[in-house]
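# Coordinate inspection notes
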Amino acid sequence: MPESVSIKVFGRCRPLMVDEKKKNVKIGASVSGDKVIVHGGKEQSFNCDGAYPSEYKNSQIYKERIESLVQRAMEGYNVTVMAFGANGSGKTMLMSGIDEDPGIIPCANRSIFEIASKLGGKDFMISVSYLEILDEKMIDLLNPHPNTMTIRQHPTKGIFVEGLSEMIVKSSDEIAQYFEQGTRARKMGANDMRAHKPRANAVYSIIIEQRERQSSKVGVRSVLHFVDLAGNNAGGITDPEVLAGVQGIQNVLMALGGPRKGSGVPYRDSKLTRYLQESLGGNAITVLFALVSPLDKFHQENITTLQVSQFAKNVKNRVKLNLDETNEIIAELREEIGKLRDKIASSSEPSREDVLKMEDLVKDLQIAKKQTWDEKQKASGRFEEERKVNLANQGILEFVMDDMKKGNKEIQEKIQILQKEKDQVMSAYKEKRAIVDQLKAELQSKIMNYSKFAEKGKTSESENKALVTAIHKLKEQLKIETDSLKMLKQKLVEVQERQQLEKEGAKAQMSAMKGSAEVRQKIELEERHKLEESNKSLVLEELERSKLDVDAERAEIQMRAAEGKKYTSKEGEELEIKVAEMKAEKSVVTLQLQCLQQEKARLVRELEEIHKLHKGEMELQQLQHYQTFRNYREMFEEQKAAIEQRYRHLLEDSIQDAIFASSRNNELTIENQELRQQINEMKDVITKLGGRIPSSAQIPM
Ligand SMILES: Nc1ncnc2c1ncn2[C@@H]1O[C@H](COP(=O)(O)OP(=O)(O)OP(=O)(O)O)[C@@H](O)[C@H]1O
């Protein structure tokens, strides 16, 4: 039996902002006990089921008023929480909150999984959707696709938006992430930069499905809606679509609980009220927060908010546990389709309503069949794939997926730190290189001097010894400096390798962020350009280094020659120089080769990625084609059966007609024969009477 539950109304007045305090603005509203009071002119006070002054935190309100409702949603009851008020009255603050004081939605997101973990013996499937309705246009905030969405009523799903993505969530982190990302998409504006407008309505929904583990009992399905309504400042609006979005909810609450209660409820006048029909006088526990601004300039909007909330208090919803009856409903739908098909088949001219009803029933059946957890899981996976592309197509992927961006930023910071380290090591390496070169030059000139003097035999033995000692000292110093140069080089290579690793990480992140082919192509071109640039500078660096090495080697050889190393001829010396040059060239070529290999590996990776992507897209397309084919086949089968049935009936009818016609024919033939006989008999009588017409008594009957 449904339970009758009134809509509960809670008032809240936000505090004055710092600049408002400074301006000494006139106070227009306040809270006292369970009443909200509107000042200015004649003071008016409005009773609520609870009222919150400005110092109350969102989290306190959640604990006191909403936590128990989330618990009920987890038991299988529909729950709706709405925030209603003028622009800037604190609706978003209450629903979403801020880091220091999370709003009702973040608190509920956390509670859901805490409660689920405590309810042992049950399996849950929780999914979320986030819809924005702006001027009667619907936007899927989690997956902003360009496809049309329509509001439908379904026997198992209730009222829902066909085409709105439902993403399955498995943890409180995941659910929080979707909410935050959807809210960012709302702020940034999915579709043609439609950034959050005060007249936009947003409905964040948590769909909870559950089943008893190891039990054949039917499952339960409930929906928890959080509605951040458009500001009720309707003054000056004339566009009917805009007005419907802003005033739709007021009109419905007025019709349900206002003075003219009982007249038709205009649910269908706005998309929002149609979507929330169950929450307004239907099967949901509904709570309305009436938010008032403390500013006197919002006097009229505050009065409207509180009057409408008084109407809401009069509305009685009829709440029941939502058992998941998908199987029974599928059976009922099949039966209904069967009956209607017979009806259409038996009538010579089927009515348009029947045909349309048949189409709806077939669609309902198809939707009902997609309600299994497996199917939903698959659909959620598909939405997840699509959403990156759709967000990228809107140009808001990076903004929405801020976590990825954060991760990428961290990597970029690391790369920068490593670049600094690399620059430091590089400058130390260059300094050392200069010292080594200087020492080598010194050594070379010392050796040249020595050989000149030795050749001419001008030096004494002691002078000779001193020169040799100086040369040896220089050599030792050179060795020490060359060793430390080598160490610096090693360090440079290590830093470069670490930097490369981080770059790979950043690239992996970037490829996850790539959405549309266009964005992807741009990023890839940029990356390729960067790689080419870095390879070019690496090769140049190495060329420079090898030149220095060759010079040093040349000096070494000359020094050795001067020291008295025997060469058979001048060519021997030149040959050694050539060998050194070739060694250096080899190292450059090796490096170039490494760079090319790196580029090749990258291209192979890209190719694989593209292949994977195409494969995925093809699979998706195949799936869609298959689905379309199945839908058509199902419809075709249904229609074929209906036509067959119809022709069978027609055939039966015509056989019966033929039988009827032939028996009637027989009857008529007999009648005809009887009539002929009667005529003959009459003729006989006339003849007997000599041509005189007999009186009626003489005519044989
Ligand atoms: N309870 C509160 N405590 C502190 N600041 C608040 C509170 N409520 C609202 N504010 C501040 O008031 C301003 C307007 O609030 P908010 O954006 O939530 O209003 P809104 O009703 O959602 O506006 P709109 O209809 O334009 O979207 C914001 O700067 C918000 O931080």
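You'll find the structure just up there.
One structure accompanies this document, and this report is about it.

About the thresholds
- Residues numbered from 1 in each chain as written.
- Predicted model: local features only at pLDDT ≥ 70, side-chain atom pairs only at ≥ 80, totals over all residues.
- Heavy atoms only, no water.
- Helix = DSSP H or I, 4+ residues; strand = E, 2+ residues; numbered from the N terminus.
- Buried < 20%, exposed > 50% of the residue type's maximum accessible area, 1.4 Å probe, protein only.
- Contact = heavy atoms within 4.5 Å.
- Areas by Shrake-Rupley, 256 points an atom, 1.4 Å probe, with all protein chains shown as cover.
- Salt bridge = Lys/Arg side-chain N within 4 Å of Asp/Glu carboxyl O.
- Phe/Tyr/Trp six-rings, centres within 6.5 Å; stacked < 30°, edge-to-face > 60°.
- Lys NZ or Arg CZ within 6 Å of the ring centre and 35° of its normal.
- Pairing = 2+ DSSP bridges.
- Axes fitted to C-alpha atoms, helices over the stretch in contact; angles between N-to-C directions.
- Patch = residues over 30% accessible without salt bridge, like charges linked within 9 Å, V, L, I, M, F, W, Y side chains within 5 Å.
- Lys, Arg positive; Asp, Glu negative; His and termini not counted.
- Charge placed at Lys NZ, Arg CZ, Asp CG, Glu CD.
- Parallel < 35°, antiparallel > 145°, perpendicular 65-115°, else oblique.
- Left-handed = near helix turned anticlockwise from the far one by under 90°.
- Nonpolar A, V, L, I, M, F, W, Y, C, P; charged D, E, K, R; others polar.
- Expected span 1.5 Å × (residues − 1).
- Near = heavy atom within 4 Å.
- Polar contact = N/O pair within 3.5 Å; in protein donor to acceptor, adjacent residues only side chain to side chain.
- Core = buried A, V, L, I, M, F, W, Y, C linked by side-chain atoms within 4.5 Å.
- Bend = angle between axes of the 7 residues up to and from the residue.

## Considerations on the overall build of the protein chain
Along the protein chain, the regular secondary structure elements total 16 helices and 18 strands. A total of 701 residues make up the protein chain; the buried ones form 40% of that total. Of all intrachain contacts in the protein chain linking residues separated by at least 6 positions in sequence, the fraction that spans at least 24 positions is 74%. Total accessible area on the protein chain is roughly 40000 Å²; 53% of this is exposed by carbon and sulfur atoms.

## Focus: the pattern of salt bridges
Applying the stated criterion to the full structure yields 25 salt bridges. E20 is the partner of R14 in a salt bridge, and the nearest nitrogen-oxygen pair spans 3.1 Å. Assigned by exposure class, R14 and E20 land together as buried. Among the salt bridges present, the one from K26 reaches D296, with a minimum N-O distance of 3.8 Å. Of the two residues, K26 sits in the loop between α1 (18-22) and β3 (29-32) while D296 sits in the loop between β17 (285-292) and α8 (299-313), which places them 270 residues apart along the sequence. It is possible to trace a salt-bridge network through shared partners that takes in R152, E162, K363 and D364.

## Some thoughts on the packing of aromatic side chains
For the coordinates displayed, the defined rule picks out six aromatic pairs. Three or more aromatic residues link up through ring pairs in this structure, and these residues are Y130, F179, Y204 and F226. Over the face of the ring belonging to Y77 we find R72, whose NZ or CZ atom lies 4.4 Å from the ring centre. Over the aromatic face of W373 sits the side chain of R211, whose NZ or CZ is 3.7 Å from the ring centroid.

## Side note on the sheet that holds strand β4 (residues 35-38)
The sheet built from three strands is open, its strands ordered β3-β4-β5 with antiparallel pairing. The two strands at the open ends of the sheet, each matched to only one other strand, are β3 and β5 (44-47). Strand-to-strand twist across the sheet, computed as the mean angle between neighbouring axes with direction ignored, equals 25°. Direction of pairing for β4 relative to β5: antiparallel, over a ladder of four bridges. Of the residues in β5, the one forming a bridge with V38 is Q44. Running at roughly 30° to β5, α8 makes contact with β3, β4 and β5 of the sheet.

## Here we look at a positive patch on the surface
Together, K370, K378, R630 and R633 line one region of the surface with positive charge. Take R630: it is sitting in helix α16 (residues 570-688).

## Observations regarding the packing of helix α2 (residues 58-75) against helix α4 (residues 104-118)
Their axes nearest at 10 Å, the elements α2 and α4 cross at an angle of 45°. Between α2 and α4, the interaxial angle falls into the category oblique. The chirality of how α2 crosses α4 is right-handed. Between α2 and α4, the residues in contact are Y62, I66, E67, V70, Q71 and M74 and I104, C107, A108, S111, I112, I115 and A116, respectively. Residue classes in the contact of α2 with α4 are distributed as ten nonpolar, two polar and one charged.

## Regarding a nonpolar patch on the surface
Taken together, the side chains of I643, Y647 and L650 define a hydrophobic patch exposed on the protein surface, amounting to about 310 Å² of accessible area. For Y647, the position within the fold is in helix α16.

## Here we look at helix α5 (residues 172-188)
In this model α5 runs 24 Å from its N-terminal to its C-terminal C-alpha over 17 residues, within 8% of the 24 Å that 1.5 Å per residue would give. Residues of α5 that are buried include every one of I175, Y178, F179, Q181, G182, T183, R184, A185 and R186, and no others.

## As for the environment of D269
Mapped onto the secondary structure, D269 falls in the loop between α6 (240-257) and α7 (271-275). C-alpha separation for the pair D269 and E136, spaced 133 residues apart in sequence, amounts to 10.0 Å. Not counting residues within four places of it along the chain, the set of residues in contact with D269 comprises E136 and A244.

## Some remarks on the site of the ligand
Around the ligand, 14 residues are found, and the nearest of them are N87, G88, K91, T92 and M93. One of the backbone nitrogen or oxygen atoms of G88 is found 2.9 Å away from an oxygen atom of the ligand. In this structure, M93 approaches the ligand through a main-chain N or O atom, which is 2.7 Å from an oxygen atom. Look at the ligand: alone it shows 630 Å² of surface, and the protein chains cover 71% of it. It is helix α3 (residues 91-95) that contributes the most residues to the shell around the ligand, three residues altogether. Across the shell around the ligand, the residue classes break down as five nonpolar, six polar and three charged.

## Looking at the nonpolar core
Grouped together as the largest cluster of nonpolar side chains are 56 residues, with contacts concentrated most on I66, I112, V128, Y204, I206, F226 and F289. Here this core gets eight residues from one element, more than from any other, and that element is α4. Setting aside anything within four residues of it in sequence, one finds I206 in contact with N109, I112, I126, S127, V128, I175, S222, V223, L224 and F226. Residues C13, V161, V252 and L276 belong to the second largest nonpolar core, which totals 40 residues.

## Some thoughts on α6
When the terminal C-alpha atoms of α6 are compared, their 24 Å separation across 18 residues agrees well with the 26 Å that a helix rising 1.5 Å per residue should span. A maximum bend of about 55° is found in α6 at Q247. Contacts made by the buried residues of α6 are with β7 (79-85), β15 (200-212), α7 and α8.

## Some words on unusual backbone geometry
Here the phi dihedral of N24 falls at roughly 55°; this positive angle occurs in a residue that is not glycine. With respect to the helices, strands and loops of the structure, N24 is situated in the loop between α1 and β3. With relative accessibility at 70%, the residue N24 sits in the exposed group. One non-glycine residue, D135, lies in positive phi territory at about 50°. Inspection of the secondary structure puts D135 in the loop between β10 (122-134) and β11 (137-140). What makes D135 buried here is its relative accessible area of 14%.

## As for the side chain of T156
Mapped onto the secondary structure, T156 falls in the loop between β12 (150-154) and β13 (158-162). Take T156: its relative accessible area is 16%, and that puts it in the buried class. There is a polar contact of 2.9 Å between the side chain of T156 and the side chain of H154. Among residues more than four places away in sequence, those in contact with T156 are R221, E325, T326, I329 and Q371.

## Considering the environment of M358
Structurally, M358 can be placed in helix α10 (residues 352-369). Exposure remark for M358: the relative accessible area of 11% places this residue in the buried category. Between the C-alpha atoms of M358 and R341, which are 17 residues apart in sequence, the distance is 7.6 Å. Setting aside residues no more than four positions away along its own chain, M358 makes contact with I337, L340, R341 and I344.

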